[in-house]
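Structural features, examined
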Amino acid sequence: MDVSIIIPVYNTEKYLKQCLESLINQKTEFKYEIICVNDGSTDNSEKILEQFSEDIQHIYIKNSGPGAARNLAIQKAKGQYLLFVDSDDYVSENFVQRMTEEAIQNNADVVICNFYRFKTNNLELEKVNKGKKAIYKKGKIQEVLLMEFHSCNKLFRKNLMMKNLYPEDMLFEDVVAISEALIDANKIVKIEDYLYYYRRTDNSITNNLTDRNYDIKKAIDIIEPKFIKNGYTTQIEFLNINCILVDLAIKVMKAKKEKKAYKEVIEPVIKKYPEWYKNPLIKNVKFNKKLYLWCLKHKMNIMFIVYAFIIFVISNGIGKFLLSKKEEIKILSVPVGFIVFMGGLQLGYYPMQIFQVSSTLVHTYTALISIPLFIYGIAKIKKEDFCFLKHYEFYI
């Protein structure tokens, strides 16, 4: 057996058939098996798996999480190589062929492909390419560690994953298992093919704040020693900044838990990495994240940071609405900079009154963000037929 494809299944009856059919109908010369682990689904997923029983192996376990489901399948797999697929996603018809032939031709432990990302309510495909085509050798994978730690756009040699099983009973298990496997790999190949279709669902637990979202802190704590031991201090510091200082903190603030965000999320990272703002990888983040980090660096009032974020959310919401109506709006699309500027004028009084934010901070925000965006918007309107909202991505 050349390849084992591993699919943890949990309550994905709407998408499971599409997933399985895309795998069963692969055009490849390689022999492969499909192992589905039903992780205690309470919908009709089990019935769907039974319908495909001639083409797949499937195991039923009590609900234990995707980490436990994948670990069980890894141990049962007969293939030399492993591919992971989520049960609400699907793959291209040459997924197995391209990933496996690249592994064999290059004697690689890991192969990484590009992928498409889409939402269930919007089937427009977004191309996701996190790195250039290249071959990386052990000890020199700085660029690879900046790619997303998804299991599903990667092929692994089985014995590599046997040494790096997933932690169980936690979210962000991919961050641990995948990052540590990448560090242990002797050779990693990154290819340019877009072979995987990743579905983003609104009800995903990682998209909504629960206590389990704090598992990202636990995941990064687990991998930190290995990163530092292998000389990837800059990369692990950046993961702390990007995943905790920004993403988790913003998610907590959106849940209106600002004090908790600072005490439990932001402050520990700043204490651990007091010169975090000097990390050279910050230059690669989106502009709105840079603004947020700039506020933290200069120790601005936490409520002002919340205020700045709220303005961005409002701007992004209006911008997305206008962009969705771009066919109807032929003459003029409202500049995002203007929205931010007007939002600052209208809402600027509230943080000063309620949160006692100094007028200097509001004026600083307006000068640094609103006015330049407004000017930039006016400049763009001459070049892009009045429809320049597509140039902005003011969301985190």
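One structure accompanies this document, and this report is about it. Numbering of residues begins from 1 in every chain and follows the order in which that chain's sequence is written. Note on the predicted model: pLDDT of at least 70 is required for a residue's local features to be given, and 80 or more for side-chain atom pairs to be given and counted; whole-chain, interface and lining totals, by contrast, use all residues. Processing note: side-chain calculations cover all non-hydrogen atoms of the structure and skip hydrogens and water entirely.

In this description a helix means any DSSP run of H or I spanning at least four residues, a strand means any run of E spanning at least two, and both kinds are numbered starting from the N terminus. Among the secondary structure elements, Asn-25 is positioned in the loop between α1 (16-24) and β2 (32-39). Throughout, a residue-residue contact means that at least one pair of heavy atoms, one from each residue, lies within 4.5 Å. Among all residues touching Asn-25, those that are not within four sequence positions of it are Tyr-32 and Glu-93.

What follows covers the side chain of Gln-235. If you trace the backbone, Gln-235 turns up in helix α8 (residues 233-254). Apart from the residues lying within four places of it in its own chain, the contact partners of Gln-235 are Gln-142, Leu-145, Leu-146, Phe-227 and Leu-281.

Our next topic: the nonpolar core. Here, nonpolar core refers to any group of buried Ala, Val, Leu, Ile, Met, Phe, Trp, Tyr and Cys residues whose side-chain atoms link them within 4.5 Å. Each residue's exposure class comes from its accessible area (1.4 Å probe, protein chains only) as a fraction of the maximum for that residue type: buried when under 20%, exposed when over 50%, partly exposed otherwise. Ile-141, Met-161, Leu-182, Ile-188, Phe-227, Tyr-292 and Leu-293 are the most contacted members of the largest nonpolar core, which has 65 residues in total. The element that contributes the greatest number of residues to this core is α8, accounting for 13 residues. Aside from chain neighbours lying at most four places away, what touches Met-161 is Ile-74, Leu-82, Phe-84, Phe-156, Tyr-166, Ala-177, Ile-178 and Ala-181.

Moving on to the pairing of strand β4 (residues 81-84). Side chains of β4 alternate between two faces, with Tyr-81 and Leu-83 and Leu-82 and Phe-84 buried alike. Where strand β1 (residues 3-9) lies against β4, four bridges are found, and the strand directions are parallel. By the bridge assignment, Ile-5 is partnered in β4 with Leu-83. Two strands pair if DSSP finds at least two bridges between them.

Here, a salt bridge means any side-chain nitrogen of Lys or Arg that lies within 4 Å of a carboxyl oxygen of Asp or Glu. Per the counting criterion, the structure on display carries 18 salt bridges. Among the ionic pairs, Arg-117 bridges to Glu-126, the shortest N-O distance being 3.3 Å. The partly exposed category is assigned to Glu-126, whose relative accessible area is 39%. With a closest N to O distance of 3.7 Å, Asp-221 and Lys-272 form a salt bridge. Of this pair, Asp-221 sits in helix α7 (residues 215-229) while Lys-272 sits in helix α9 (residues 258-272); the two residues are 51 residues apart in sequence, bridging distant segments of the chain. A residue is classified by how much of its surface remains accessible, and Lys-272, at 35% relative accessible area, is partly exposed. Residues joined by salt bridges that share partners form a network here, namely Arg-70, Asp-86, Glu-173 and Asp-174.

Here we take up the pairing of strand β10 (residues 187-200). As defined by bridge partners, strand β5 (residues 90-91) adjoins β10 across two bridges and the pair is classed as antiparallel. Paired with Tyr-90 across the two strands is Tyr-197, which belongs to β10. Judged from the nine bridges that link them, strand β6 (residues 110-119) and β10 form a sheet pairing that is parallel. If you follow Val-111 over to β10, its bridge partner there is Val-189.

Here we take up the packing of aromatic side chains. Working definition: a ring pair exists when centres of Phe, Tyr or Trp rings (six-membered ring for Trp) sit within 6.5 Å. Plane angles under 30 degrees give stacked, over 60 give edge-to-face, the rest tilted. Counted by the stated rule, this structure contains 10 aromatic pairs. With centroids separated by 4.5 Å and ring planes inclined at 10 degrees, the aromatic side chains of Tyr-90 and Tyr-197 adopt a geometry described as stacked. Linking Tyr-90 in strand β5 with Tyr-197 in strand β10, this pair joins segments that are 107 residues apart in sequence. Judged by its relative accessible area of 19%, Tyr-90 is buried. Using a relative accessible area of 16% as the deciding quantity, one classes Tyr-197 as buried. Charge-over-ring contacts are defined here by two conditions on Lys NZ or Arg CZ: a distance within 6 Å of the ring centre and an angle within 35 degrees of the ring normal. Here the basic side chain of Arg-70 rests over the ring of Tyr-166, its NZ or CZ set 5.0 Å away from the ring centre. A cation sits over an aromatic face here: Lys-127 above Tyr-194, 5.0 Å from the ring centre.

To find leftover empty space, one rolls a probe the size of a water molecule over the atoms. A pocket, in this scheme, is an open set of points on a 1 Å grid over the protein atoms alone with protein on both sides within 12 Å along at least 5 of 7 lines, while a cavity is a set where a 1.4 Å probe fits but cannot get out; residues line either one if an atom lies within 4 Å of a point. Grid points are joined across faces, edges and corners, and a volume is the space filled by probe spheres set on the points. As enumerated under the stated definition, the model contains two cavities of 30 Å³ or more in all. Of the volumes computed, that of the largest cavity is approximately 50 Å³. Forming the walls of the largest cavity are Ile-112, Cys-113, Asn-114, Phe-115, Val-128, Asn-129, Lys-130, Met-147, Glu-148, His-150, Asn-153 and Lys-190. When residues in the lining of the largest cavity are grouped by element, the largest group, four residues, is from β6. Classifying every residue of the lining of the largest cavity gives five nonpolar, four polar and three charged. Residues are sorted three ways: Asp, Glu, Lys and Arg are charged, Ala, Val, Leu, Ile, Met, Phe, Trp, Tyr, Cys and Pro are nonpolar, and all the rest, Gly among them, are polar.

On to α7, then. In this analysis, the expected span of each helix is defined as 1.5 Å times one less than the number of residues it contains. When the terminal C-alpha atoms of α7 are compared, their 22 Å separation across 15 residues agrees well with the 21 Å that a helix rising 1.5 Å per residue should span. All buried positions along α7 are accounted for by Asp-215, Ile-216, Ala-219, Ile-220, Ile-223, Glu-224, Lys-226 and Phe-227. In the segment just after α7, Gly-231 is the residue with positive phi, at about 85 degrees.

Looking now at unusual backbone geometry. Its identity as a non-glycine residue notwithstanding, Asn-11 has a phi of 50 degrees, on the positive side. When you line up the elements, Asn-11 lands in the loop between β1 and α1. In this structure, Phe-172 takes a positive phi of about 60 degrees despite not being glycine. Following the sequence through the fold, Phe-172 ends up in the loop between α5 (158-162) and α6 (173-184).

These figures capture arrangement, not role.
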